[in-house]
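If you want the building blocks of each chain, they are given just below.
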Amino acid sequence: MAVPLWRYLAPGRSRARRVLRVPRAEIPPEGALVFREARVAVMRRDGAVFALDLACTHLGCTVNVTSRQLVCPCHGSTFALDGTPLTGPATRPLGRLEVRDADAHVEVLL
Ligand code: FES
C-alpha cells in the first residue's frame, strides 16, 4: 500500500497518539494498575500519578510489577517503584509516559 510521503514530511502534522484512559478512582493509593498488553503501569505514589513504560531498558522484556519493586523476568534486573534501576544488567530507568488529567480520568499518551 502506498502512503503519501508528504504525510510524514509536512511540518505541523504528526501521527495521532494512542491514549490509555484510566478512571482515577481505580488507581490504588500507593499502588499500581497494570496494563500488560499496552506494557504500561499507572502508578500512584505520595498522591502523584505517573505512568511507567514496562519495557525493560536492558533488552526490552516486559517487567513485572510487585508491591515492592519491578522485576524483569528475562535477566533479573530490578527497578524501584518509580522506575529507578536497582540491580542490573539494566542501568537506565524505566521510561515515563506523558500523563494528563481528564476530569475523573487520567490519560496516558502511548
Ligand atoms: S531484558 Fe530485562 S534484564 Fe534483560
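So, here's what we can say about the structure. Sequence order as written defines the numbering, with residues in each chain counted from 1. Given that the model is predicted, a residue must reach a pLDDT of at least 70 before its local features are reported, and side-chain atom pairs must reach 80 or more before they are shown or counted; all residues, however, enter totals for whole chains, interfaces and linings.

What follows concerns the overall build of the protein. Numbering of helices and strands runs from the N terminus, with a helix taken as a DSSP run of H or I at least four residues long and a strand as a DSSP run of E at least two residues long. When its secondary structure is counted, the protein shows one helix and ten strands. Think of it as a crowd count around each C-beta: if 20 or more other C-beta atoms lie within 10 Å the residue is buried, if 12 or fewer it is exposed, and in between it is partly exposed, with C-beta placed from the backbone throughout. The buried share among the 110 residues of the protein stands at 20%. Remark: residues whose backbone-derived C-beta atoms lie within 7 Å of one another are considered to be in contact. Of the contacts formed within the protein by residues at least 6 apart in sequence, a portion of 39% connects residues at least 24 apart.

Adjacent strands of a sheet form backbone hydrogen bonds with each other and so pair up, either parallel or antiparallel. At least two DSSP bridges between two strands are needed for those strands to be called paired. Sheet architecture is open: four strands sit in the order 5-6-7-8, paired in antiparallel fashion. Each end of this open sheet is capped by a strand with a single partner; those strands are strand 5 (64-65) and strand 8 (85-87). For strand 7 (residues 78-79) and strand 8, the ladder comprises two bridges, and the chain directions are antiparallel. Residue pairing for strand 8: Phe 79 is matched across the bridge by Pro 85.

With that out of the way, let us pick up the environment of Gly 88. Inspection of the secondary structure puts Gly 88 in the loop between strand 8 and strand 9 (96-102). Here the alpha-carbon distance between Gly 88 and Ser 77, two residues eleven residues apart in the chain, equals 4.6 Å.

Sheet faces and side chains relate simply in a regular strand, where the side chains alternate between the two faces. Of all seven residues in strand 9, zero are buried, a share of ten percent or less. When strand 4 (residues 48-53) meets strand 9, the two strands line up antiparallel, connected through two bridges. Paired with Ala 51 across the two strands is Leu 97, which belongs to strand 9. Inspection of the sheet shows strand 9 paired to strand 10 (residues 105-109) by five bridges, in the antiparallel sense. The partner of Glu 98 across the bridge, within strand 10, is Leu 109. Where strand 9 folds back on strand 10, the antiparallel hairpin that results is connected by two residues, among which Asp 103 adopts a positive phi of roughly 55°.

Below, the discussion takes up the pairing of strand 2 (residues 32-35). When strand 2 meets strand 3 (residues 40-45), the two strands line up antiparallel, connected through four bridges. Looking at strand 3, one finds that Leu 33 is bridged to Val 42. The hairpin turn running from strand 2 into strand 3, its antiparallel successor, is four residues long, and Arg 39 in that turn takes a positive phi close to 55°.

With that out of the way, let us pick up the sheet that holds strand 4. One open sheet accounts for six strands, arranged 1-10-9-4-3-2; its pairing is antiparallel. Across the chains shown, the open sheet's two edge strands, defined by having one partner strand only, are strand 1 (19-23) and strand 2. Taking the axes of each pair of neighbouring strands and ignoring which way they run, one obtains an average angle of 25° across the sheet. Here, axes are lines fitted to C-alpha atoms. For helices the fit covers the stretch in contact, and angles between N-to-C directions go from 0 to 180 degrees.

Attention shifts here to the nonpolar core. Of all hydrophobic cores here, the largest spans 19 residues; its most connected members are Val 40, Ala 41, Val 42, Ala 51, Leu 52, Val 63 and Val 108. Sorting the residues of this core by element identifies strand 3, strand 4 and strand 10 as the ones contributing at least two each. For this core, the element with the highest residue contribution is strand 3, accounting for four residues. Not counting the four nearest positions on each side in its chain, Ala 41 is found in contact with Ala 32, Val 34, Ala 51, Leu 52, Leu 54 and Val 65. In this description, a nonpolar core means buried residues of the types Ala, Val, Leu, Ile, Met, Phe, Trp, Tyr and Cys, linked to one another by C-beta atoms lying within 7 Å.

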